There are 2 protein chains.
Amino acid sequence: MNRAALSEFELIARYLSRPAAAERSDIVVGNGDDCAVLMPSPGHQLAISVDTSVVDIHFPHDAPPAVIGHRALAVALSDLAAMGAKARWCCMALTLPAVDPEWLEAFAEGFRELAARSGCELIGGDVTRGALTIGVTVHGELPAGTALRRCGAREGDLIAVTGYPGRAMEGLARWQRGEREAGHPVLEAYLRPEPRLAAGEALRGLASSAIDVSDGLLADLRHVLKASGVGARLDIESLPLATPLRATLELDEVREQVLNGGDDYELLVTLAASDLAEAQRRLAPLHLPLTPIGRIIEGETIQGIPLRYLERSGWDHFPEIAS
Amino acid sequence: MNRAALSEFELIARYLSRPAAAERSDIVVGNGDDCAVLMPSPGHQLAISVDTSVVDIHFPHDAPPAVIGHRALAVALSDLAAMGAKARWCCMALTLPAVDPEWLEAFAEGFRELAARSGCELIGGDVTRGALTIGVTVHGELPAGTALRRCGAREGDLIAVTGYPGRAMEGLARWQRGEREAGHPVLEAYLRPEPRLAAGEALRGLASSAIDVSDGLLADLRHVLKASGVGARLDIESLPLATPLRATLELDEVREQVLNGGDDYELLVTLAASDLAEAQRRLAPLHLPLTPIGRIIEGETIQGIPLRYLERSGWDHFPEIAS
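Residues numbered from 1 in each chain as written. Chains lettered and ligands numbered in written order. Predicted model: local features only at pLDDT ≥ 70, side-chain atom pairs only at ≥ 80, totals over all residues. Heavy atoms only, no water.

Visitor: Can you explain the overall build of chain A? Please cite residues and give values.
Guide: When helices and strands are counted, chain A shows eleven helices and twelve strands. In chain A, which comprises 323 residues, the proportion classed as buried is 59%. The contacts in chain A between residues at least 6 apart in sequence include a share of 85% that link residues at least 24 apart. Per element, the accessible surface of chain A, about 12,200 Å² overall, is 52% carbon and sulfur. (Helix = DSSP H or I, 4+ residues; strand = E, 2+ residues; numbered from the N terminus. Buried < 20%, exposed > 50% of the residue type's maximum accessible area, 1.4 Å probe, protein only. Contact = heavy atoms within 4.5 Å. Areas by Shrake-Rupley, 256 points an atom, 1.4 Å probe, with all protein chains shown as cover.)

Visitor: Residues and numbers for the side chain of Gln257(B), please.
Guide: Residue and element names in this part refer to chain B. Along the polypeptide, glutamine 257 turns up in helix 9 (residues 251-260). The class of glutamine 257 is buried, set by a relative accessible area of 8%. A polar contact is formed between the side chain of glutamine 257 and the side chain of glutamate 170, at a distance of 2.8 Å. Those residues within four positions of glutamine 257 in sequence are excluded, and the remaining contacts are Gly166, Met169, Glu170, Leu245 and Leu249. (Polar contact = N/O pair within 3.5 Å; in protein donor to acceptor, adjacent residues only side chain to side chain.)

Visitor: Residue-level account of the sheet that holds strand 2 (residues 36-38) of chain A, with values.
Guide: Strand order in this open sheet of six strands is 1(A)-2(A)-3(B)-6(B)-4(B)-5(B), and the pairing throughout is mixed. Each of the sheet's edge strands pairs with one partner strand only, and the pair in question is strand 1 (27-29) of chain A together with strand 5 (121-129) of chain B. Within this sheet the neighbouring strands show an average axis-to-axis angle of 20°, counted without direction. Looking at chain direction, strand 1 of chain A and strand 2 of chain A are connected through two bridges and run antiparallel. Each bridged residue has a counterpart across the sheet, and for Ile27(A) the counterpart in strand 2 of chain A is Leu38(A). The sheet strands contacting helix 2 (residues 65-83) of chain B are strand 1 and strand 2 of chain A together with strand 3 (44-54), strand 4 (86-96) and strand 6 (133-143) of chain B, and the helix crosses strand 6 of chain B at an angle near 30°. Against the sheet, helix 3 (residues 101-118) of chain B makes contact with strand 4, strand 5 and strand 6 of chain B, and its axis sits at roughly 165° relative to strand 4 of chain B, the strand it touches most. (Pairing = 2+ DSSP bridges. Axes fitted to C-alpha atoms, helices over the stretch in contact; angles between N-to-C directions.)

Visitor: Account for the packing of helix 2 of chain B against helix 3 of chain B, naming residues and giving values.
Guide: All names here are of chain B. Two elements in contact, helix 2 and helix 3, have axes whose closest approach is 6 Å; the angle formed by their N-to-C orientations is 35°. The crossing of helix 2 and helix 3 is right-handed. Here Pro65, Ala66, Ile68, Gly69, His70, Leu73, Ala74 and Leu77 of helix 2 come into contact with helix 3, specifically with Trp103, Ala106, Phe107, Gly110, Phe111, Glu113, Leu114, Ala115, Arg117 and Ser118. Residue composition of the contact of helix 2 with helix 3, grouped by class: twelve nonpolar, four polar and two charged. (Left-handed = near helix turned anticlockwise from the far one by under 90°. Nonpolar A, V, L, I, M, F, W, Y, C, P; charged D, E, K, R; others polar.)

Visitor: Please set out the sheet that holds strand 7 (residues 158-162) of chain B residue by residue, giving values where relevant.
Guide: All names here are of chain B. As summarised here, the arrangement of the six strands in space is 8-10-7-11-9-12, forming an open sheet in which the pairing is mixed. Two strands lie at the open edges of the sheet, namely strand 8 (207-212) and strand 12 (302-303), each paired on one side alone. Pairing geometry for strand 9 (residues 231-234) and strand 12, over two bridges, is parallel. The residue of strand 12 that forms the bridge with arginine 233 is glutamine 303. Sitting on the sheet, helix 2 is in contact with strand 8 and strand 10 (267-271), with an inclination near 170° to strand 8.

Visitor: Give me the pattern of salt bridges: which residues, what numbers.
Guide: Residue and element names in this part refer to chain A. All told, the structure shown has 48 salt bridges over all chains when counted by the stated rule. One salt bridge connects arginine 177 with glutamate 179, and the closest N-O pair in it is separated by 3.6 Å. A single network of salt bridges, built from pairs that share partners, joins Arg24, Asp26, Arg88 and Glu141. (Salt bridge = Lys/Arg side-chain N within 4 Å of Asp/Glu carboxyl O.)

Visitor: Residues and numbers for the packing of aromatic side chains, please.
Guide: Aromatic ring pairs are defined here through the distance separating the ring centres and the angle between the ring planes. Taken as a whole and judged by the stated rule, the model has two aromatic pairs over all chains. Each ring, one from Trp103(A) and one from Phe107(A), has its centre 5.1 Å from the other, and the planes form 10°; the classification is stacked. Here Phe107(A) and Trp103(A) lie together in helix 3 (residues 101-118), a separation of four residues that amounts to about one turn. A residue is classified by how much of its surface remains accessible, and Phe107(A), at 0% relative accessible area, is buried. In this arrangement the basic side chain of Arg71(B) is found over the ring face of Tyr190(B), its NZ or CZ atom lying 4.7 Å from the centre. (Phe/Tyr/Trp six-rings, centres within 6.5 Å; stacked < 30°, edge-to-face > 60°. Lys NZ or Arg CZ within 6 Å of the ring centre and 35° of its normal.)

Visitor: So what about the pairing of strand 9 (residues 231-234) of chain A? Which residues, and what values?
Guide: Each regular strand carries side chains that alternate between the two faces of the sheet. Sheet topology note: the strand 9 of chain A/strand 11 (residues 290-297) of chain A ladder contains four bridges and is antiparallel. Along strand 11 of chain A, the bridge assignment pairs Gly231(A) with Ile297(A).

Visitor: How would you sum up the confidence of the model for chain A? Please name residues and give values.
Guide: Residues and elements named next belong to chain A. Averaged over every residue, the pLDDT of chain A is 90; residues scoring 70 or more account for 90%. Scored below 50 in pLDDT, residues 1-6 shows 16 contacts in the model against residues more than four places distant or in partner chains. Confidence drops under pLDDT 50 across residues 319-323; counting only partners more than four residues distant or on other chains, this segment forms 13 contacts. Quick note on the complex model: pTM equals 0.92, ipTM equals 0.91. (pLDDT = per-residue confidence, 0-100.)

Visitor: Explain unusual backbone geometry to me, using residue names and the numbers behind them.
Guide: Even without a glycine there, the phi angle at Asp263(A) is positive, about 75°. Turning to its location among the elements, Asp263(A) is positioned in the loop between helix 9 (251-260) and strand 10 (267-271). The phi dihedral of Asp56(B) falls on the positive side, at around 65°, and the residue is not glycine. The residue Asp56(B) is located in the loop between strand 3 and helix 2 in this model.

Okay, structure coming up:
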């Protein structure tokens, strides 16, 4: 089709569908009909989440298109990870200001690479014109009754976090200062967060609650405490401090990033103290540390943290609105 | 909470969640956790579709907010109808330029009314800031193997359409001329299309193919013909002509609207001639006519229609792009 019109339908087919979808027996109908048709796994429940990434709000307009594609899917998959679900299928609602085939190809490649690696096939899409916005709905599965809820934290449980939260906040600051060093671990943490899907699955049956750290460790911890009706005593000395942050920043700044930086997509979990060793053993093959940082206590407060850290709150798109 | 900040989370909780979701045993976890968790029906397949409605592309900015809410869900549900699926759950990715509680309440009411009537519970949402855009992902279920595909049309099948397509195109023209008469059937056809969910379910096991008429009857028929590898001979004298259109327009204009008007969301189906009476009998309780308008033939052409109607094509958001 040389110089022929490239319609919305061809756009979807060309950039958003993967031939691999045809090889999966759970995908009865992929792209190209009114709906995708899927065969759920017997005895499993569905986990569904939707995340919208808007240019210059959720990612910088000058980010590489492959990064934008990766990130839009990663932030959605992170919700499946936080539920302990296995990623299965996703849909993309793509809004584009114009069509740039080179940009689209790189964007799709970033998306497809993570989709393939996560077992999350793209099974539906929609393309419209407007400001660059990527809406991703992800679908996962988990054995019935095993979802990691926010409401399961119990007094006495340990609070633990995977990896090294705080790097993404520093990565964003560096990006905004113009740093573009390819492969820099702190920039990468911001640009290409890795959803902790394998960790979420590994912690199923062990963690009493889980959430992904998207808004900031303290802000997301608050969601867990509120849902569970409990409080927390954190041990500020126990916070995992990423080496690249310690190398360049004051301790106080690093702690601020760990506690209030968003966008890392690590998992924050609670679990019985007696299960910590088993949980760490399960995450060892993933080369992912699980660091205990405090305990669940009675009452809906957070203790053990200087007030200056607590005054900051998580990211909110509509902070100024009064009801 | 008087004059307190209304956060993104509270926005979602206040406008997008329905207490009724708590009463449905298939909704294990509704809004308020990282994911919704759902229990699929044993022996059923999932049908999933995503539709994005953008202001001034898919709906006029001055449409009543309840209409915008209704329409955003209706166009997505229409894809479930075209598959023969029973509507079950939906997610909304809402992008707002600002928060106007009065507008939001009316918008949510339009959405919720159709959701409740369709059995399609809202189980997840996401709110971001930007140009008004509503992304809706709908999930339906159907007994395994019964999906109404686009690829099932066979030579000799009748081609039939529900209701009176063409009214929405005239409704849009009237809206653009400034007509605002509440309850006018032609304006209503454009503003509040009714997804043919009950008809789609009723035609399961009977129709050999189905599609919803969103881009225009001829444009959508072409999708079926292409997917099925067949052609069509239409009988232009058989087209169902809506009385309000016949009353004010020339026959030629009405036919143009029936054949090339979009946005009606009627179902276009193929079926064996011997099944027509049974299909009509099943739709009778819905007060929905099913009008045969032609036959499936060999070869991938459309015959029986003057060329002037065929030269128009369906709606395409990126018509100017060359590859």
